Amino acid sequence: MVYEQYFQLSSKYPYTTLGLSQNIKSEIAELVLEKLENMALVVSSNLYYHFLRPTSIFHCAVGIVPSSVVLTSFQVMSRVFLIWAVTHSVKEVQSEDSVLLFVIAWTITEIIRYSFYTFSLLNHLPYLIKWARYTLFIVLYPMGVSGELLTIYAALPFVRQAGLYSISLPNKYNFSFDYYAFLILVMISYIPLFPQLYFHMLHQRRKVLSHAEEHKKSE
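As named in an unreviewed UniProt entry, the protein is Very-long-chain (3R)-3-hydroxyacyl-CoA dehydratase, taken from Erinaceus europaeus. A UniProt comment under Sequence similarities (unreviewed entry) is attached to the protein, and it reads "Belongs to the very long-chain fatty acids dehydratase HACD family." What the UniProt record of the protein gives under Pathway (unreviewed entry) is the line "Lipid metabolism; fatty acid biosynthesis."

Shown next, in the form of structure tokens:
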């Protein structure tokens, strides 16, 4: 009742404080809706991109790109899992800021990575791209991992409530699976796996950039 009176007054006097505050609320609502639509578009675009992402493992295996098959496989599978099994499956998390966080980190990482591969194949690799490839991950990797973990965490209540992908007993296969518990285990697995990948990249950075600096000095 009070809100109806407030709305009527704000409509009647649009240039007063009441009217301006109501207009601001409407604009905020429109911005929120626009953000939700944009995030849905971003998620759907990533779905199709990461559907083809496993080809990166094949590229490493046959030597098209000089990357570790094991590390690439882990990275690719974790991204495909997060996009399809979490973000796509739990619609409620698609508007979370954490999704935007890992999408931005992934996007910048891939732009740098494929620029690095392209110029390397052309035998004309600018130092700036090499430096970006082995430096910006220092910020981008923790940023991406934070977004991934926060997104999985945000999905947990919805997974538990809906019983998503869970199989309960009794059933004819005498098998049970708790997807909620599985997601928690996935989050815990980041503790030993992420530092290994991160310190591997730090080691690669020291080796590659120090070699590049020595080469520049010799010239």
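Further notes follow.
Student: Would you mind showing me how to read the overall build of the protein here?
Tutor: Within the protein, the secondary structure is distributed over eight helices and zero strands. Starting at the N terminus, the α and β elements of the protein follow one another as α-α-α-α-α-α-α-α. Per-residue burial over the protein gives 33% buried out of 219 residues. Sequence separation of 24 or more characterises 67% of the internal contacts of the protein that already satisfy a separation of 6 or more. Entry remark: accessible area of the protein is about 14,100 Å², with carbon and sulfur atoms responsible for 68%.

Student: I tried to follow the packing of helix α5 (residues 97-121) against helix α7 (residues 137-162) on my own but got confused; where do I start?
Tutor: For any two helices packed against each other, one specifies the crossing angle of their axes together with the interaxial distance. Packing of α5 against α7 brings their axes to within 7 Å, and their N-to-C directions diverge by 145 degrees. Here the hand of the crossing between α5 and α7 comes out left-handed. Between α5 and α7, the contacting residues are S98, V99, L101, F102, I104, A105, W106, I108, T109 and I112 on the first element and L140, Y141, M143, G144, S146, G147, E148, L150 and T151 on the second. Of the residues in the contact of α5 with α7, the class split is 12 nonpolar, six polar and one charged.

Student: What should I look at first to understand the packing of helix α4 (residues 69-88) against α5 in this one?
Tutor: At their nearest, the axes of α4 and α5 sit 13 Å apart, and the two run at 150 degrees to each other. Considering their axes alone, α4 and α5 lie roughly antiparallel with respect to each other. Relative to α5, α4 is oriented so that their crossing is left-handed. Note on element contacts: α5 touches α4 through V99, F102, W106, T109 and E110, opposite R79, L82, I83 and T87.

Student: Is there a simple way to think about the UniProt feature "transmembrane region" (unreviewed entry) in the protein in this case?
Tutor: According to UniProt, the positions carrying the feature "transmembrane region" (unreviewed entry) are residues 57-87, 99-122, 134-159 and 179-199. This span, residues 99-122, is 96% helix and 0% strand, and a straight line between its end C-alpha atoms measures 34 Å. From the first C-alpha to the last, residues 179-199 spans 30 Å; its make-up is 100% helix and 0% strand.

Student: It is not clear to me how the environment of S168 should be interpreted in this structure. Could you clarify?
Tutor: By secondary structure assignment, the location of S168 is in the loop between α7 and α8 (179-218). In this structure, the C-alpha to C-alpha distance between S168 and D178, residues 10 residues apart in sequence, is 7.7 Å.

Student: For this particular structure, what's the right way to read the packing of aromatic side chains?
Tutor: Geometry of an aromatic ring pair is reported as the spacing of the ring centres plus the angle between the planes. Taken as a whole and judged by the stated rule, the model has 13 aromatic pairs. Note on F102 and W106: the rings are 4.6 Å apart at their centroids and 40 degrees apart in plane angle, and the pair reads as tilted. Here F102 pairs with W106, and both are found in helix α5, just four residues apart, close to one helical turn. When its relative accessible area of 5% is taken as the criterion, W106 is described as buried. An aromatic cluster is defined as three or more aromatic residues linked by ring pairs; in this entry it consists of F81, Y165, F177, Y179 and F182. Above the ring of Y134, the side-chain terminus of R133 is found at 5.7 Å from the ring centroid. The ring of Y180 carries R160 above its face, with NZ or CZ at 4.6 Å from the centroid.

Conventions used here
- Residues numbered from 1 in each chain as written.
- Predicted model: local features only at pLDDT ≥ 70, side-chain atom pairs only at ≥ 80, totals over all residues.
- Heavy atoms only, no water.
- UniProt positions renumbered as here; feature names shortened; annotations may be inferred.
- Helix = DSSP H or I, 4+ residues; strand = E, 2+ residues; numbered from the N terminus.
- Buried < 20%, exposed > 50% of the residue type's maximum accessible area, 1.4 Å probe, protein only.
- Contact = heavy atoms within 4.5 Å.
- Areas by Shrake-Rupley, 256 points an atom, 1.4 Å probe, with all protein chains shown as cover.
- Axes fitted to C-alpha atoms, helices over the stretch in contact; angles between N-to-C directions.
- Left-handed = near helix turned anticlockwise from the far one by under 90°.
- Nonpolar A, V, L, I, M, F, W, Y, C, P; charged D, E, K, R; others polar.
- Parallel < 35°, antiparallel > 145°, perpendicular 65-115°, else oblique.
- Phe/Tyr/Trp six-rings, centres within 6.5 Å; stacked < 30°, edge-to-face > 60°.
- Lys NZ or Arg CZ within 6 Å of the ring centre and 35° of its normal.

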